[in-house]
Amino acid sequence: MSTYHREFRRSIEQPATFWAEQARRLPWFTPPTTILEYDEAGHARWFVDGELNICHAALDHHVEQGRGDQPAIFWDSPVTAAKRVITYAELRDQVAGFAGALKGLGVAKGDRVVIYMPMVPEALVAMYACARLGAVHSVVFGGFAPHELAVRIEDAEPRVVVAASCGVEVDRVLPYKPIIDAAIEQSRYKPEACVVLQRDQHRAELGPIDHDWTALVEKAEPADCVPVRGSDPLYVLYTSGTTGKPKGVVRDTAGYAVALHYSMETIYDMAPGEVFFSASDVGWVVGHSYIVYAPLLRGCTTVVYEGKPVKTPDAGAFWRLIAEYRVKSFFTAPTAFRAIKKEDPDGKLLGQHDISCLKALFLAGERLDPPTFHWLDDLLDVPVIDHWWQTETGWPIAANLQGLEPMPTRAGSATVPVPGFDVQILDREGELAAAMEQGSVVIKQPLPPGCLVGVWRDPQRFHSAYMAAFPGYYLTGDGGYFDEDGYLFIMGRTDDVINIAGHRLSTGEMEEVVGAHPAVAECAVIGIHDALKGQLPVGLVIPKDGFDGDEVALEEALIALVREKIGPIACFKQVLVVDRLPKTRSGKILRKLLRSIADGKEYGVPSTIDDPASLQDVHEAMKARSVGAAHDARQV
Ligand code: COA
Ligand code: AMP
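Here the structure is a predicted model, which means the values were calculated and not measured.

Peer 1: So what's going on with the sheet that holds strand β4 (residues 71-77)? Which residues, and what values?
Peer 2: Overall, mixed pairing links the seven strands, which are arranged β5-β4-β17-β16-β18-β19-β20 in an open sheet. Of all strands in the sheet, those bounded by a partner on one side alone are β5 (82-87) and β20 (384-386). Averaged over all adjacent pairs, the angle separating strand axes in this sheet is 20°, with direction ignored. Bridge count for strand β19 (residues 360-363) against β20 is three bridges, and the pairing is parallel. Bridging across to β20, L363 finds its partner in D386. Taken strand by strand, helix α4 (residues 88-104) contacts β4 and β5, and its axis lies near 90° from that of β5.

Below is the structure:
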């Protein structure tokens, strides 16, 4: 039996023993005596009675062990022409100082703090400062509009909001304060204070509840790490579900720390002192896990990049960063490489940089499509690894484990389940699917450490969204199959979640926004294939009786509405006004069929359709407006 199979089997057959061994490698204040227990609903809880603090484990502990002078952060910001190196000792001191500032504002263990910041080191300082106090952070991605921020503030009820005065995109400075003010205005719950990091690119005007970051820290006493129980929440991270209300994924402290530490060694093959670069954003789970927490838990240096894969200044940006900071493992979303490939198809810019330090390239956030895989595989001399995970799991479910037993890669496959994740494929009846047979990808309970422990203040939703479909299993929401050799292929979501440029969004949520417009009688938003961003949303709307007929004005209004309510990252830029939508006789819009047409596939007319002519109408409308590849679609 191979090393991987032995380790995997042990993790499934003896989970408590397996994870107890991993837990011993972290610095606890009080080691856990209970490794695994189940709550009343049968969900796994890890290390509940242990006491630790993830900020202590990631910063203070390393300083105490002699790592104080090692860089913890390489910050690189081409959009502001700035760079900074922050050592472990400096970062610990900055975090202790900011934790003191938060404490001065009344933030204590269990309180929530919403963080709305771009990719600046202070975003990490704010997250660690919350962890230091035992407070629960909830980071919101900067591309979300005030309404989305308001929804999260209302749900998380933060005592304090921490923000920067602005974000900086390729071609413009985005003031954040008006977004925060509008969100607080819209939210029924009002935070007590807002701390603003003033940036030179745009200074915010401060109001009655606002505090200047620097001034606040200057008068604060540094705060120490507060011991928390293993099961205490570290953060709530909102992610798109199938409805308009995002789900607040709750992460515990100890299980997460243990899992991340294990993954750094086993999946990413990272040793203390080495440099890890994850080109994501702190607003996403990849940022939480592999920019902020995992690299520092492992004693590595993390690269924090405020820039894009292209245009800052060119498609060689990643290669430059890898070479400059001697990055060993690099992680980003496939869409970033599709953008690079578009601008530098022969990879000429790579030749300008010495990336001999790079040992592996990891991709996730969406499926690594085979053309992008082959392009990268031909270009680079290192393994190109697709690995699969989700906000809910917090770390990879399937990967090619570079630190355990590297395996040959297969285009389109995320390789094999990571130890701890008992991945299975079930058919509609809940029976195990055979090899090569596609079905629902599920994870048999218990979920390993690090995965979500609930939906914030909504146990019912946790149960209905993830646990109810197949009792005893966690429903991932993805479809896929195992091949005959046990390689796992993840083929896409089985629900309304779509993936735009590696960002997870909900078509259901967009439908709610579009459907709320006074001129709209009915609508459908579908995710269609896009060569650069993976998927893009397209809206199909039926206007109400009495509509004035100005389709262009309505389409523009709906595009503006989604941008205003959800934000620019929804990339909602195409709407079609139609007379009718294809539905079943029971009134269900045939979205899958609409997607097939937009993606240029062959499609049949289902026997359950209410009005077959509606299908033809929509197809013609899509062709006329050049939606996706609708002109290639054929009715069979
Ligand atoms: N704050 C504010 N606005 C933001 C933002 C942020 N942090 N990030 C993106 N936006 C805006 C963009 O400016 C753009 O606005 P526009 O419609 O006015 O042009 C819009 O949101 C869409 O952004 P995006 O989808 O990122 O498109 P893009 O054309 O700017 O860039 C890529 C395309 C592929 C370069 C970019 O999407 C990318 O780097 N993707 C990688 C994603 C990633 O790392 N995901 C993490 C998962 S691992
Ligand atoms: P998020 O929660 O934003 O990380 O998005 C998670 C979803 O992105 C998953 O449920 C998948 O649908 C998709 N996804 C992420 N990584 C991969 C991958 N490597 N292969 C296929 N799909 C992926």
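Peer 1: Tell me about helix α11 (residues 317-325), and please be specific about residues and values.
Peer 2: Extensive coverage of α11 is indicated by the burial of seven of its nine residues. When α11 is considered as a whole, its buried residues turn out to be A317, F318, W319, L321, I322, A323 and Y325. Just downstream of α11 lies R326, where phi reads positive at about 55°.

Peer 1: Give a description of the site of ligand 1 that names residues and reports values.
Peer 2: Around ligand 1, a shell composed of 23 residues is seen, among which E169, R172, K533, R563 and K573 lie nearest. In the model, a nitrogen atom of ligand 1 is placed 3.4 Å from a nitrogen or oxygen of the G143 main chain. At 2.9 Å from an oxygen atom of ligand 1 is found a side-chain nitrogen or oxygen belonging to E169. Considering ligand 1 on its own, with 950 Å² of exposed area, one finds that the protein chains cover 83% of that surface. Here the residues of the shell around ligand 1 are counted per class, giving 11 nonpolar, six polar and six charged.

Peer 1: How would you sum up the packing of aromatic side chains? Please name residues and give values.
Peer 2: Tallied over the full model, the rule gives 37 aromatic pairs. When the ring of F18 is compared with that of Y262, the centres are 5.7 Å apart and the planes differ by 80°; the resulting orientation is edge-to-face. Note that F18 is positioned in helix α2 (residues 15-23) and Y262 in helix α9 (residues 254-266), a separation of 244 residues in sequence. Accessibility assignment for this pair places F18 and Y262 in one class, buried. Centroid distance W319 to F337: 5.7 Å. Interplanar angle 35°. Geometry classified as tilted. Here the residue W319 occupies a position in helix α11, and F337 occupies one in helix α12 (residues 334-343), the gap between them amounting to 18 residues. Here the aromatic cluster, defined as three or more aromatic residues joined through ring pairs, consists of Y268, F276, Y290, F331, F362 and W389. Positioned over the ring face of F144 is R152, at 4.5 Å from the centre of the ring.

Peer 1: Let's hear about the site of ligand 2: which residues, and what values?
Peer 2: Close to ligand 2 lie 15 residues, the nearest being D386, T391, D478, R493 and R504. At a separation of 2.8 Å, a nitrogen atom of ligand 2 approaches a polar backbone atom of H387. One of the side-chain nitrogen or oxygen atoms of T391 is found 2.5 Å away from an oxygen atom of ligand 2. Coverage of ligand 2 by the protein amounts to 94% of the 490 Å² it exposes when considered alone.

Peer 1: Can you explain a positive patch on the surface? Please cite residues and give values.
Peer 2: A cluster of like positive charges, contributed by R428, K592, R595 and K601, occupies part of the molecular surface. As for its position among the elements, K601 is in the loop between α17 (591-598) and β33 (602-603). A relative accessible area of 46% means that K601 is categorised as partly exposed.

Parameters at a glance
- Residues numbered from 1 in each chain as written.
- Chains lettered and ligands numbered in written order.
- Predicted model: local features only at pLDDT ≥ 70, side-chain atom pairs only at ≥ 80, totals over all residues.
- Heavy atoms only, no water.
- Pairing = 2+ DSSP bridges.
- Helix = DSSP H or I, 4+ residues; strand = E, 2+ residues; numbered from the N terminus.
- Axes fitted to C-alpha atoms, helices over the stretch in contact; angles between N-to-C directions.
- Contact = heavy atoms within 4.5 Å.
- Buried < 20%, exposed > 50% of the residue type's maximum accessible area, 1.4 Å probe, protein only.
- Near = heavy atom within 4 Å.
- Polar contact = N/O pair within 3.5 Å; in protein donor to acceptor, adjacent residues only side chain to side chain.
- Areas by Shrake-Rupley, 256 points an atom, 1.4 Å probe, with all protein chains shown as cover.
- Nonpolar A, V, L, I, M, F, W, Y, C, P; charged D, E, K, R; others polar.
- Phe/Tyr/Trp six-rings, centres within 6.5 Å; stacked < 30°, edge-to-face > 60°.
- Lys NZ or Arg CZ within 6 Å of the ring centre and 35° of its normal.
- Patch = residues over 30% accessible without salt bridge, like charges linked within 9 Å, V, L, I, M, F, W, Y side chains within 5 Å.
- Salt bridge = Lys/Arg side-chain N within 4 Å of Asp/Glu carboxyl O.
- Lys, Arg positive; Asp, Glu negative; His and termini not counted.
- Charge placed at Lys NZ, Arg CZ, Asp CG, Glu CD.

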